[in-house]
Amino acid sequence: MASSSGPALNEELQCSICLEVFTDPVTTPCGHNFCRTCLIKCWTNTQTCFCPLCKEKFSKRPELKINTTLREVAQHFKEKLNLGESEVFCDICDGRKQKAVKTCLMCQSSYCDSHLEPHRRVPRLKKHTLINAVENLEDYICQKHERPLELFCRDDQTCVCLSCTEGEHRTHNTVPIEEESREKKNHLAKRQTDVHQMIQDRIKKIQEIQHSVDLRKRNTEKEKSSSVELFTDLIRSIERCQSDLLKMMEEQQKAAEKQAEDLIKELHQEITELKRRNTELEQLSHTEDHLHLIQMSSSLNTRPHTKNWTEIRIDSDVNVNPLYRALTELKKTQETLNEKLNQTGLKFEQKFAVDVTLDPDTAHSYLILSDDGKQVSCGDIEQDVPENPKRFDNSCVLAKQGFSSGRFYYEVQVKGKTEWSLGVIKESIDRKEETDSFLRPEDGYWIMMLTDEDHLVACDNPVVLFPLRVKPEKVGVFVDYEEGLVSFYESRSHIYSFTGQTFTDKLYPYFNPDDNDEGKNSNPLIITPVS
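The structure reproduced in this document is the subject of the present report. (Residues numbered from 1 in each chain as written. Predicted model: local features only at pLDDT ≥ 70, side-chain atom pairs only at ≥ 80, totals over all residues. Heavy atoms only, no water.)

The residue Lys474 is located in strand β19 (residues 474-480) in this model. A residue is classified by how much of its surface remains accessible, and Lys474, at 32% relative accessible area, is partly exposed. The spatial distance from the C-alpha of Lys474 to the C-alpha of Ile526 is 9.1 Å, given a sequence separation of 52 residues. Among all residues touching Lys474, those that are not within four sequence positions of it are Glu411, Val412, Gln413, Val414, Tyr489, Glu490, Ser491 and Thr528. (Helix = DSSP H or I, 4+ residues; strand = E, 2+ residues; numbered from the N terminus. Buried < 20%, exposed > 50% of the residue type's maximum accessible area, 1.4 Å probe, protein only. Contact = heavy atoms within 4.5 Å.)

Laid out in structure tokens, this is it:
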């Protein structure tokens, strides 16, 4: 692990595991940096490799390569931290040794300020090469000629002594080590500036993204509040409407009952009067008093004064048409609102439309692709195609475009087909393996298919069936990589979503036109522009 002392470390050059300046820094696939030794130790005795900082899991152990630019910047930073902090002691001092201030490459000794005095005064010693005091003096001496490493060979990229330039490095491009050091420092300073600018750019981008998220959150809260008020008013209106409807129905029922009561009372009165008339007629028909019979017959012979009850009835229908119509309109409004919400979601996802073309290197040998890579159908004759490890042994083809982050959306025309399969799959699946009908998320497939039983099938676990009255003509596929979401749409309506998925591989759009079925399923799958 790295070690350092002195002032607080620069955060950009600090390993988050050992909290020291990077030593041999490596970069994980998620973009974070660690000391190579620290990361290897972190992954020791574990089956799952993950980023110690953001916890992202990797399907297989990444190949760790040292980030040479970051290593140079970190080394330069360490040198700046350690400048003037020599722990080397004078080789001449007796008793209590003083700290050395310089090391002589010619004498191969280190000197404190007092014992360095001859090198400042004696002409012969003044020609010696002095450097800041170092412990590892052998690193500054040519092991072959035991002379100071004063030159740099640019052909072999190594430090050499004067004797080396008279031998194997005689014809090479050599410069004084101070000149090469200045050049490398300038290069490192430029690299450091570039890296610092990259860091600042990314910090700025983080701030932009966070600002966008915060702004969207505020807008969402505002819209949520407005929506809550709207739906609260709507619910209250429905409750009032329901109360008024029930009250009206009760009032109409009471009115009908009162009308019926009055009519029945009137009918009872007429029945009583008619019974009395009937008794009189019967008595008169049996009388022997001829004079009385003649006198009474004229009055009793007239029709009684009764109501014509033929057209009089109580309406059994409940007269709530105005309110019923209002509720019906309210239901239609709700259905329209639901449709608009679906369309709004789809319009959002259509913003991430991508241009997808089919990859002939992945196509099964019976599939026929159009020249523009936008159509695929299944033929009756096997095509003469070259061997390719990317090619499937199953009747499908992938898009050329793969996605390992972000969101994307594309649409496929399926009009006139009796069977098909669409969706996305992970890159690392076995393409030479025979598979069953239903390929599920745990297999690396997120698929929707149409079967010959006229069912749409979401190949989830368990499988989800959607009975159809009308077959879809166009299907949209939307993927949100970070959210673990795969959604399918048809005629602006949402069909099904795979949610809560974890994607680690690159995802590729998947197309399977299914068998030709003697021409019944000959129509191609067509990738269409998103409108």
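Between its terminal C-alpha atoms helix α6 (residues 177-285) stretches 155 Å, which fits the 162 Å expected from 109 residues at 1.5 Å a residue. Residues of α6 that are buried: Glu180, Leu188, Val195, Cys241, Leu245, Leu263, Glu270, Arg277 and Leu284. (Expected span 1.5 Å × (residues − 1).)

Of the pairings in the sheet, the one linking strand β16 (residues 445-450) to strand β17 (residues 455-458) comprises three bridges and is antiparallel in character. The residue bridging Leu450 from the neighbouring strand is Leu456, located in β17. Both β17 and strand β18 (residues 464-467) contribute to a ladder of four bridges, which runs antiparallel. What sits directly across from Ala458, in β18, is Val464. From the end of β17 to the start of β18, which pair antiparallel, there are five residues. (Pairing = 2+ DSSP bridges.)

Once that is clear, we can look at the packing of aromatic side chains. Aromatic ring pairs are described here by two measures, namely the spacing of the ring centres and the angle between the planes. Going through the model one piece at a time under the given rule, you end up with ten aromatic pairs. Where Tyr481 meets Phe503, the ring centres are 5.4 Å apart and the plane angle is 50°; that geometry is what we call tilted. Taken as a pair, Tyr481 in the loop between β19 and β20 (485-490) and Phe503 in the loop between β21 (493-498) and β22 (507-512) lie far apart in primary sequence, 22 residues in all. For the pair formed by Tyr481 and Phe503, the shared burial category is buried. Relative to Phe498, the ring of Phe488 lies with its centre 6.2 Å away and its plane at 70°, an arrangement referred to as edge-to-face. Residue Phe488 is found in strand β20, and its partner Phe498 is found in strand β21; the two are separated by ten residues along the sequence. Accessibility classification places Phe488 together with Phe498 in one group, the buried group. Every member of this aromatic cluster is reached through a ring pair, and the members are Phe466, Phe488, Tyr496 and Phe498. (Phe/Tyr/Trp six-rings, centres within 6.5 Å; stacked < 30°, edge-to-face > 60°.)

Counting residues in hydrophobic clusters, the biggest one holds 35 residues, and the most contacted among them are Trp420, Val486 and Phe511. In this structure Phe511 touches Val356, Leu358, Val376, Cys396, Val397, Ala399, Tyr410, Val412, Ser421, Leu422, Leu525 and Ile527, once residues within four positions along its chain are discounted. Among the nonpolar cores identified, the runner-up in size contains 20 residues, and Cys15, Val21, Cys49 and Phe77 belong to it. (Core = buried A, V, L, I, M, F, W, Y, C linked by side-chain atoms within 4.5 Å.)

Read across the sheet, three strands follow the order β9-β8-β10 without closing on themselves; strand pairing throughout is antiparallel. With one partner strand each, in any of the chains shown, β9 (158-160) and β10 (174-176) form the two edges of the open sheet. Averaged over all neighbouring strand pairs, the angle between strand axes comes to 35°, with direction disregarded. Note that strand β8 (residues 151-153) and β10 share three bridges and pair antiparallel. In the sheet register, Phe152 faces β10, and the bridge partner there is Val175. Docked against the sheet, α6 engages β8, β9 and β10, running at close to 85° with respect to β10. (Axes fitted to C-alpha atoms, helices over the stretch in contact; angles between N-to-C directions.)

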